[in-house]
Amino acid sequence: DAKTTQPTSMDCAEGRAANLPCNHSTISGNEYVYWYRQIHSQGPQYIIHGLKNNETNEMASLIITEDRKSSTLILPHATLRDTAVYYCIVRVEGFKTIFGAGTRLFVKA
Amino acid sequence: EPEVTQTPSHQVTQMGQEVILRCVPISNHLYFYWYRQILGQKVEFLVSFYNNEISEKSEIFDDQFSVERPDGSNFTLKIRSTKLEDSAMYFCASSLSRGRSGNTIYFGEGSWLTVV
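Reading the values: the criteria
- Sequence order as written defines residue numbering, which begins from 1 separately in each chain.
- Working convention: letters from A go to chains and numbers from 1 go to ligands, in the order in which they are written.
- Restriction of local features to residues with pLDDT of at least 70 applies here, the model being predicted, together with a cutoff of 80 or more for giving and counting side-chain atom pairs; totals for whole chains, interfaces and linings are based on all residues.
- Derived side-chain values reflect all non-hydrogen atoms in the structure, with water molecules and hydrogen atoms excluded from consideration.
- The secondary structure listing takes helices from DSSP runs of H or I that are at least 4 residues long and strands from runs of E that are at least 2 residues long, numbered from the N terminus.
- The size measure is the radius of gyration over C-alpha atoms, and the globule rule it meets is 2.2 Å times the number of residues to the 0.38 power.
- Any residue under 20% of the maximum accessible area for its type is buried, any over 50% is exposed, and the rest in between are partly exposed; the area is computed with a 1.4 Å probe on protein chains only.
- Should any heavy atoms of two residues lie within 4.5 Å, those residues are considered in contact.
- Positive residues here are Lys and Arg, negative ones are Asp and Glu, while His and the chain termini are left out of the count.
- In this description, the location of a charge corresponds to atom NZ of lysine, CZ of arginine, CG of aspartate or CD of glutamate.
- Salt bridge criterion: a side-chain nitrogen from Lys or Arg within 4 Å of a carboxyl oxygen from Asp or Glu.
- At least two bridges found by DSSP between two strands are what make those strands a pair.
- A fitted line through C-alpha atoms represents every axis, and for helices the fit uses only the stretch in contact; the resulting angles, taken between N-to-C directions, go from 0 to 180 degrees.

Can you break down the overall build of chain B residue by residue, with the values?
Scanning chain B for helices and strands turns up 0 helices and 11 strands. For chain B, the N- to C-terminal ordering of α and β elements is β-β-β-β-β-β-β-β-β-β-β. Relative to the globule expectation of 13 Å for 116 residues, the C-alpha radius of gyration of chain B, 13 Å, shows essentially globular dimensions. When its C-alpha atoms are laid out on the principal axes, chain B stretches across 40 × 30 × 30 Å. Expressed as a percentage of the 116 residues in chain B, the buried residues total 45%. Residue pairs in contact within chain B that sit at least 24 positions apart in sequence constitute 54% of those at least 6 positions apart. Side-chain charges in chain B split into 10 positive and 14 negative, and the spacing between the mean points of these groups amounts to 4 Å.

Structure representation (structure tokens):
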């Protein structure tokens, strides 16, 4: 089972920052937090990942709390094309990546 | 940007027929995966493959399924005798390593299988 908890859905106005929260209270010390998104029925798209420090790339920023029990994915200026299901995933041992239900983000004009 | 490519994008097959879904992983990647997503449901792990053998598989990946890397570039998923419940989007994926820091998994666009 997925080790993360995310809201089922969120709305965001176009041009505003979208902040997507994720709880992973049972994360172990050397597990990374990964974020993917899935637009309609396309393949999951990698966004960003991190261990302890905040991370930023051309797509998003990842803020991880000091206790690592939660994180927030930030899309700084959401566009209509960012409407998707966003998955927060904690890498488990071995090869499996377990996808939860994710957060369905609706970006509205 | 390197990407995982999959063929066919959509296949319709009759129940009981064999199906082979093909994938070309990212060229320098060493770990290969298949996932599936039944319409409206979660993305589910099926199998991982490394060094020409299965590394891990889920309970979904029963004897009807098999994977193969027939040459240096392709990675295939075979469903021996398809059932209606095999209708789903099948995603191939690959990663450079399995170490957590380098284990970013990149997915293809999927092959939509419809069993009738």
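Okay, back to it.
Can you tell me about the pattern of salt bridges, naming the residues and giving the values?
Charged atoms that come close allow side chains of opposite charge to pair. Residues and elements named next belong to chain A. Going through the model one piece at a time under the given rule, you end up with 4 salt bridges over all chains. One salt bridge connects K108 with D11, and the closest N-O pair in it is separated by 3.0 Å. Taken as a pair, K108 in strand β9 (residues 103-108) and D11 in strand β1 (residues 9-13) lie far apart in primary sequence, 97 residues in all. Its relative accessible area of 45% is what places K108 among the partly exposed residues. Note that D82 and R37 form a salt bridge whose closest N and O atoms lie 2.8 Å from each other. Of this pair, D82 sits in the loop between β7 (70-75) and β8 (84-90) while R37 sits in strand β3 (residues 33-38), and the two are 45 residues apart along the sequence. You can call D82 buried: its relative accessible area is 12%. With relative accessibility at 10%, the residue R37 sits in the buried group.

Please provide a residue-by-residue account of the side chain of S111(B), values included.
Residue and element names in this part refer to chain B. For S111, the location among the structural elements is in strand β11 (residues 111-115). Under the relative-accessibility criterion, S111 is labelled buried at 1%. Setting aside anything within four residues of it in sequence, one finds S111 in contact with Q6, T7, P8, S9, L21, A88, M89 and Y90.

Which residues make up the pairing of strand β4 (residues 45-50) of chain A, and what are the values?
Residues and elements named next belong to chain A. Of all 6 residues making up β4, 5 are buried, and the element is well covered by its neighbours. Bridge analysis of β3 against β4 gives 5 bridges, and the strand direction is antiparallel. Opposite W35, over in β4, you have I48 as the bridge partner. Counted along the chain from β3 to the antiparallel partner β4, the turn is 6 residues long, and its residue H40 has a positive phi close to 50°.

I'd like a description of the sheet that holds strand β8 (residues 75-79) of chain B, backed by residues and values.
All names here are of chain B. As summarised here, the arrangement of the 4 strands in space is β1-β3-β8-β7, forming an open sheet in which the pairing is antiparallel. Looking at strand neighbours, the two that pair on one side only are β1 (5-7) and β7 (65-68), the edges of this open sheet. Going across the sheet, the axis of each strand differs from the next one's by a mean of 20°, ignoring polarity. One ladder, built from 5 bridges, connects strand β3 (residues 19-24) with β8; its direction is antiparallel. Looking at β8, one finds that R22 is bridged to T76.

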